[in-house]
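Structure assessment
These are the residues of each chain, in order.
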Amino acid sequence: MKNILLPLTFLLIFVVSCNKTKHEKMNNPLLETFDTPFQVPPFEKIKAEHYEPAFDSAIIMAKNEIKTIVENPSPANFENTIEALTYSGILLNEISSVFFNLNEANTNDTLQEIASIVSPKITAFQDEIYMNEKLFERVKNVYSKKDSLDFTAEQKTLLEYCYRNFVRSGVNLPAPQKERLKKINSELSVLTLKFGENVLAENNRYKLIIDKKEDLAGLSQTTIDAAAETAKEMKLDGKWVFTLHNPSVTPFLQYSSNRELRKEIQQAYINRGNNNDSLDNKKIISQILELRIEKAKLVGYANHSEYVLTENMAKTPQRIFDLLNKVWKATLPVAKREVEDLQKIIKSEGNNFKLEAYDWRYYSEKQRKLKYDLDEEQVKPYFKLENVKQGIFTVSHKLYGLNFKELNNMPKYHPDAAVYEVTDSVGNHQGILYLDMYPRASKRGGAWMTTFRSEYKLNGNKVSPVVSIVCNFSKPTEGAPALLTFDEVSTFFHEFGHGLNYLLYDVTYPGLPVPPDFVELPSQIMENWAVEPEVLNMYAKHYKTGEVIPKELVDKIVKSGHFNQGFATSEYLAASFLDLNYHTLGQLPENFNVLEFENNAMKKLGLIPEIVSRYRSTYFQHIFSGGYSSGYYGYLWAEMLDADAFEAFKEKGIFDKTTADAFRQNILAKSGTEDLLTLYTRFRGKNPVIDALLKRRGLK
Ligand SMILES: [Zn+2]
């Protein structure tokens with residue numbers, strides 16, 4: 001978890017593959033074998049008009065594969081039913097992964113329109129599989145022997161997952177209810193897409209145009225240069241433009257001494273999707289919630305949370321509320337003390353206004369300077385993006401023996417993306433990695449990892465992964481290379497942790513999901529290395545002089561680790577509670593009003609007015625258009641694991657080979673293939689405890 005304004009460390013999981021036996025169709029690169037190095041998608045050859053026909057063909061192919069399973073005259077067994085089902089639809093998955101990844105990272109109106117057409121089609125196809133009673137008969141048949149046959153742990157997990165998936169998808173429902181469920185799924189697929197499109201349009205719509213130099217007071221030269229370049233791109237030469245993209249809005253809120261302008265941009269930020277116009281998301285939220293409740297009830301759950309959580313490590317809402325409440329209790333007093341500290345600074349400057357939410361980042365930066373003599377601008381020159389990347393590569397090499405080599409002339413979906421071949425300690429191919437680092441109008445905000453292809457075995461042969469990390473980091477300016485804030489550095493390590501998970505995956509079957517409360521363990525644990533003095537010495541070098549970051553600066557960074565944690569933890573917890581409050585509703589109250597619900601939830605929690613939930617409802621993409629509905633708590637749950645897990649490294653040494661091997665074998669390579677707590681305790685030798693988390697956040 002990161003203390004940045006838009007820490008959308010969001011994970012998309014698409015299970016894809018490259019099946020060499022797929023149909024050859026002329027003139028549609030999506031339907032031909034990818035004739036590219038490492039069979040990455042042939043991005044330059046794929047045109048928008050290829051998607052729809054490719055989806056249609058792939059769905060027909062997948063339907064035929066299902067038909068073959070259903071009509072198989074042989075009695076059902078693991079191979080001819082569960083395995084066959086798992087390996088079906090591979091082409092469809094492959095096309096989906098290309099299309100939906102690009103719709104996130106490099107979209108346009110045409111792709112968005114195609115998404116709204118193909119999403120319901122894919123949803124309908126999935127329903128057709130998982131509501132197919134004949135197919136379920138075969139699955140049930142195999143499932144009934146699950147304890148008597150000699151399955152591997154992964155096979156057993158797959159079998160149970162597969163069985164549950166049918167039941168959860170409504171296979172046992174009478175026909176009219178099945179039809180209703182199909183309609184709900186179809187509507188949800190469109191509504192969740194629309195939600196995300198509105199947020200993207202809102203991110204791109206707002207501009208704070210500054211034409212007087214005095215309105216730039218407080219801002220660093222790098223920030224001013226970046227704003228001048230944004231203005232130039234918008235044909236507003238000679239002016240300065242700030243946007244709601246993270247690298248633009250964050251430094252403005254941290255450093256601009258113009259309180260009115262801070263208020264203006266912060267209000268724009270927290271009202272995205274809440275402007276009562278065509279981009280407003282309030283009605284969409286009500287519709288999504290209503291449909292999710294109806295769906296949960298149809299398949300036998302009290303609410304959406306209960307429906308989701310049976311698949312997560314936490315299992316029940318109560319266990320999550322217990323964790324959140326425990327941390328909330330420790331956090332709120334800290335946040336209140338922080339308010340007092342910031343109020344004191346305001347007073348010491350001769351002002352007597354009350355601290356507002358749009359003041360927080362500005363005064364907390366001052367506080368950081370006062371308390372730790374640490375200025376973000378002083379640190380940034382040591383975090384040249386290129387150096388940070390090399391640092392992450394080195395950490396990955398020291399821990400897991402991986403090597404990274406940039407490949408030129410590889411297919412790319414945007415010139416900004418860089419491509420690397422990843423090899424293991426003896427030089428064997430491990431996977432391909434795409435890095436796409438800078439914001440643009442066609443890219444969703446935040447940072448995430450995704451795959452164009454996940455690792456699995458096909459006929460015993462390894463299908464190697466194609467992993468992609470997409471961020472919105474500070475860009476280079478005319479005078480300087482891309483220099484990261486420490487939050488951005490942490491985000492990079494975080495997403496890279498997801499990347500390592502998927503690069504080091506070593507599973508047999510495609511498609512086993514990893515829930516948010518476990519999947520954030522490999523990512524969050526990587527953030528720990530970013531701040532270790534031994535590691536900082538390796539990568540934090542001044543971009544001009546090459547000088548290694550001075551020890552006193554490292555000390556200050558380490559010492560300030562607990563800084564502003566009342567704020568950071570509160571805003572995160574507020575969003576987590578909001579998510580659960582929505583999704584534990586058993587029915588939508590009459591005259592349901594999103595803003596009123598959100599306000600009441602925050603009031604009930606006791607959130608202080610100086611802090612705004614990290615995501616307000618109308619731009620909370622994790623839960624309304626991503627895969628984290630009733631799962632936003634997952635960052636904290638996983639932090640309990642990662643803080644506890646990193647203790648193991650601290651005990652033995654942060655590059656201890658045995659610990660790294662155990663983490664790799666039990667967590668990175670196997671996540672999803674077995675009971676998650678079992679995997680964890682196999683690595684750690686004991687159950688996780690919350691102590692390390694509280695200590696790390698300075699809450700204990
Ligand atoms: Zn993450």
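Since the structure is predicted, the reported quantities are computational estimates derived from the model, not experimental observations.

Scoring rules and cut-offs
Residues numbered from 1 in each chain as written. Predicted model: local features only at pLDDT ≥ 70, side-chain atom pairs only at ≥ 80, totals over all residues. Heavy atoms only, no water. Helix = DSSP H or I, 4+ residues; strand = E, 2+ residues; numbered from the N terminus. Rg over C-alpha atoms; globule rule 2.2 N^0.38 Å. Buried < 20%, exposed > 50% of the residue type's maximum accessible area, 1.4 Å probe, protein only. Contact = heavy atoms within 4.5 Å. Areas by Shrake-Rupley, 256 points an atom, 1.4 Å probe, with all protein chains shown as cover. Lys, Arg positive; Asp, Glu negative; His and termini not counted. Charge placed at Lys NZ, Arg CZ, Asp CG, Glu CD. Polar contact = N/O pair within 3.5 Å; in protein donor to acceptor, adjacent residues only side chain to side chain. Expected span 1.5 Å × (residues − 1). pLDDT = per-residue confidence, 0-100. Donors = N, O, S within 2.8 Å, 3.2 Å for Na, K, Ca; no water. Tetrahedral: all angles 85-135°; square planar, octahedral: opposite > 155°, others 65-115°. Core = buried A, V, L, I, M, F, W, Y, C linked by side-chain atoms within 4.5 Å. Phe/Tyr/Trp six-rings, centres within 6.5 Å; stacked < 30°, edge-to-face > 60°. Lys NZ or Arg CZ within 6 Å of the ring centre and 35° of its normal. Pairing = 2+ DSSP bridges. Salt bridge = Lys/Arg side-chain N within 4 Å of Asp/Glu carboxyl O.

The helix and strand tally for the protein stands at 27 helices and 10 strands. The C-alpha radius of gyration computed for the protein amounts to 25 Å, which stays within 12% of the reference 27 Å derived for 700 residues, consistent with globular compactness. Judged by the C-alpha coordinates and their principal axes, the protein covers about 85 × 65 × 55 Å. The burial tally for the protein puts 63% of its 700 residues in the buried class. Contacts in the protein between residues at least 24 apart in sequence constitute 75% of all its contacts with a sequence separation of at least 6. Entry remark: accessible area of the protein is about 27400 Å², with carbon and sulfur atoms responsible for 50%. Averaged over its 86 positive side-chain charges, the protein has a centre that lies 2 Å from the centre of its 90 negative ones.

This brings us to helix H2 (residues 78-86). Considered for burial, the residues of H2 that qualify are Phe78, Asn80, Thr81, Ile82, Leu85 and Thr86. The backbone nitrogen of Glu79 lies 3.1 Å from a side-chain oxygen of the residue at the head of H2, namely Asn77.

To continue, consider helix H21 (residues 565-583). Taking 1.5 Å of rise per residue, the 19 residues of H21 would be expected to cover 27 Å, and the 27 Å separating its terminal C-alpha atoms lies within 8% of that figure. Of all the 19 residues making up H21, 19 are buried; the element is thus mostly covered by neighbouring parts of the structure.

Turning to the side chain of Thr451, a few remarks are in order. For Thr451, the position within the fold is in strand S7 (residues 447-453). Here the side chain of Thr451 touches Ser454 through a polar contact of 3.3 Å, side chain to side chain.

For residues with low pLDDT, the predicted coordinates do not support detailed interpretation. When pLDDT is averaged along the protein, the result is 93, and 96% of the positions lie at 70 or above. In this model residues 1-25 is a low-confidence stretch, pLDDT under 50, and it forms 126 contacts with partners more than four residues away in sequence or in other chains.

This part covers unusual backbone geometry. Within the chain, Gln39 stands out as a residue other than glycine whose phi angle is a positive 50°. Along the chain, the position of Gln39 falls in the loop between strand S1 (9-11) and helix H1 (48-70). Judged by relative accessible area, Gln39 falls into the buried class, the value being 16%. One non-glycine residue with positive phi stands out, namely Asp373, at about 55°. Mapped onto the secondary structure, Asp373 falls in the loop between helix H14 (360-372) and helix H15 (376-379).

For the zinc ion, the full set of protein donor atoms is His494 (NE2), His498 (NE2), Glu520 (OE) and Glu520 (OE), and the range of their distances to it is 2.1 to 2.7 Å. Bound by 4 donor atoms, the zinc ion shows angles of 52 to 140° at the metal and therefore irregular coordination geometry.

Okay, the nonpolar core next. In this structure, Phe383, Trp529 and Tyr539 are the most contacted members of the largest nonpolar core, which totals 231 residues. Ignoring any residue separated from it by four or fewer positions in sequence, one finds Phe383 in contact with Val388, Ala482, Leu483, Leu484, Phe486, Val489, Leu536, Tyr539, Ala540 and Ile557.

Okay, the packing of aromatic side chains next. What the rule picks out here adds up to 57 aromatic pairs. Between Tyr572 and Tyr632, the aromatic rings sit 5.1 Å apart at their centres with planes inclined by 40°, giving tilted as the arrangement. Taken as a pair, Tyr572 in helix H21 and Tyr632 in the loop between helix H23 (621-624) and helix H24 (634-652) lie far apart in primary sequence, 60 residues in all. The burial state of Tyr572 is the same as that of Tyr632; both residues are buried. An aromatic cluster is present here, built from Tyr269, Tyr572, Tyr615, Tyr619, Phe620, Tyr628, Tyr632 and Tyr635 joined pairwise through their rings. Cation over ring: Arg259 sits above Phe353, and NZ or CZ is 3.6 Å from the ring centre.

Once that is clear, we can look at the pairing of strand S6 (residues 429-436). Here S6 lies mainly inside the structure; 7 of its 8 residues are buried. Bridge count for strand S5 (residues 418-423) against S6 is 6 bridges, and the pairing is antiparallel. By the bridge assignment for S6, Glu421 is matched with Ile432. Hairpin geometry of S5 and S6 is characterised by an intervening segment of 5 residues between the two adjacent antiparallel strands and by a positive phi of about 90° at Gly427.

For the rest of this paragraph, the subject is the side chain of Asn666. Its location among the elements puts Asn666 in helix H25 (residues 657-668). For Asn666, a relative accessible area of 13% corresponds to the buried category. A polar side-chain atom of Asn666 sits 2.9 Å from the main-chain carbonyl oxygen of Ala662. Excluding its chain neighbours within four sequence positions, the residues that come into contact with Asn666 are Leu679, Arg682 and Phe683.

In this section: the pattern of salt bridges. Taken as a whole and assessed by the stated rule, the structure comprises 43 salt bridges. Between Glu365 and Arg368 there is a salt bridge, with the nearest N and O atoms lying 2.6 Å from each other. You can see Glu365 and its partner Arg368 sitting in helix H14, 3 residues apart, about one turn around the helix. Linked through salt bridges whose partners overlap, the residues forming this network are Asp416, Asp436, Arg440 and Lys443.

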